[in-house]
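# A structural walkthrough
Listed below, chain by chain, are the residues.
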Amino acid sequence: MTKFEQMQRIESSGIVAIIRANSSNELIKTAEAIKNGGVDVIEITMTTPGALNVITEVSNQLGDEVLIGVGSVLDAETARVAMLAGAEFVVSPVTKKDVIDACNRYGKVVIPGAFTPTEILYAWETGADYVKVFPSSGVGPSYIKDIKAPLPQIPLIPTGGINIENAGDFIKAGSAALGVGSALVSNTIIESGDFKRLTQRARDLVSAVNSSR
């Protein structure tokens, strides 16, 4: 998959599901459940036990059905081994030039984290494909709108505090996509095995995003 195709997939979905699972089996079931609800872009964080093996196994099991990425990446070497393990995009909570350079070298989408206008512009000029506005929980959709006014050329993916109630407002404010964690893939639900509930949550979130475009 080319970088352009990866970006099309991310923007078409509108949602990047952030998952911290305890096992590859658990994560595969979760991925299938939310895919059935319309969310097919998944970020597996490096805080997941055995994250690299999980990325490889999920990629092998689900193939092109789901776009698998890696999150919580803090250095270029981690980005490299995750991409070799099967990650198609790389997300970081911060902006590190070496991480951005590694992803661009391998032709993968890179989404560094930033918060202030200066940080966001620096991430973009350093080679980001999207900028993860993090944390978004304390500022809300109006902050995205305020950032987009002077920096309309930078595609933003706010992450933190996004849920079914405010997802539409974040999209209307100009977000390219949304990073959604526990509001979609709650570990409590995963551990209970109620995967039908995950599918419904995904479906509701997709509906909120699509109706706001």
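Note that the coordinates shown come from a computational prediction; the quantities given were computed from them, not determined experimentally.

## Description of the pairing of strand β1 (residues 15–19)
- The element β1 is largely enclosed, with a buried count of five among its five residues.
- On β1, burial covers both faces: Ile 15, Ala 17 and Ile 19 on one face and Val 16 and Ile 18 on the other are all buried.
- Pairing between β1 and strand β9 (residues 178–180): three bridges, direction parallel. Counted as the bridge partner of Val 16 is Gly 179 from β9.
- Strand direction decides the pairing type here: β1 and strand β2 (residues 41–45), joined by three bridges, are parallel. Looking across to β2, one finds that Ile 18 is bridged to Glu 43.

## What about the layout of surface pockets?
- The computed volume of the largest pocket comes to approximately 230 Å³.
- By residue class, the composition of the lining of the largest pocket is six nonpolar, eight polar and three charged.

## Examining the side chain of Asp 129
- By the element assignment, Asp 129 lies in the loop between α6 (117–125) and β7 (131–133).
- A polar side-chain atom of Asp 129 sits 3.2 Å from a polar atom in the side chain of Lys 3.
- There is a polar contact of 2.9 Å between the side chain of Asp 129 and the backbone nitrogen of Val 110.
- Setting aside residues up to four positions removed in sequence, Asp 129 forms contacts with Lys 3, Met 7, Asn 104, Lys 108, Val 109, Val 110, Trp 124 and Pro 155.

## Considering the packing of helix α4 (residues 76–85) against helix α5 (residues 97–106)
- At a closest axis distance of 8 Å, the pairing of α4 and α5 adopts a crossing angle of 30°. One element, α4, and the other, α5, form an angle in the roughly parallel class. The element α4 and its partner α5 pack so that their crossing is right-handed. Contacts from Ala 76, Ala 79, Arg 80, Met 83 and Leu 84 in α4 reach Asp 98, Val 99, Ala 102, Cys 103 and Tyr 106 in α5.
- Class assignment of the residues belonging to the contact of α4 with α5 gives a composition of eight nonpolar, no polar and two charged.

## Examining the sheet that holds strand β4 (residues 89–91)
- The strand order across the open sheet formed by six strands is β5-β4-β3-β2-β1-β9, and the pairing between neighbours is parallel. A single partner strand is all that each edge strand has here, and the edge strands are β5 (109–111) and β9. Pairwise comparison of adjacent strand axes, ignoring direction, gives a mean angle of 25° for this sheet.

About the criteria used
- Residues numbered from 1 in each chain as written.
- Predicted model: local features only at pLDDT ≥ 70, side-chain atom pairs only at ≥ 80, totals over all residues.
- Heavy atoms only, no water.
- Buried < 20%, exposed > 50% of the residue type's maximum accessible area, 1.4 Å probe, protein only.
- Helix = DSSP H or I, 4+ residues; strand = E, 2+ residues; numbered from the N terminus.
- Pairing = 2+ DSSP bridges.
- 1 Å grid on protein atoms, 1.4 Å probe; cavity = no way out; pocket = protein on both sides within 12 Å on 5 of 7 lines; lining within 4 Å.
- Points joined across faces, edges and corners; volume = space filled by probe spheres on them.
- Nonpolar A, V, L, I, M, F, W, Y, C, P; charged D, E, K, R; others polar.
- Polar contact = N/O pair within 3.5 Å; in protein donor to acceptor, adjacent residues only side chain to side chain.
- Contact = heavy atoms within 4.5 Å.
- Axes fitted to C-alpha atoms, helices over the stretch in contact; angles between N-to-C directions.
- Parallel < 35°, antiparallel > 145°, perpendicular 65-115°, else oblique.
- Left-handed = near helix turned anticlockwise from the far one by under 90°.

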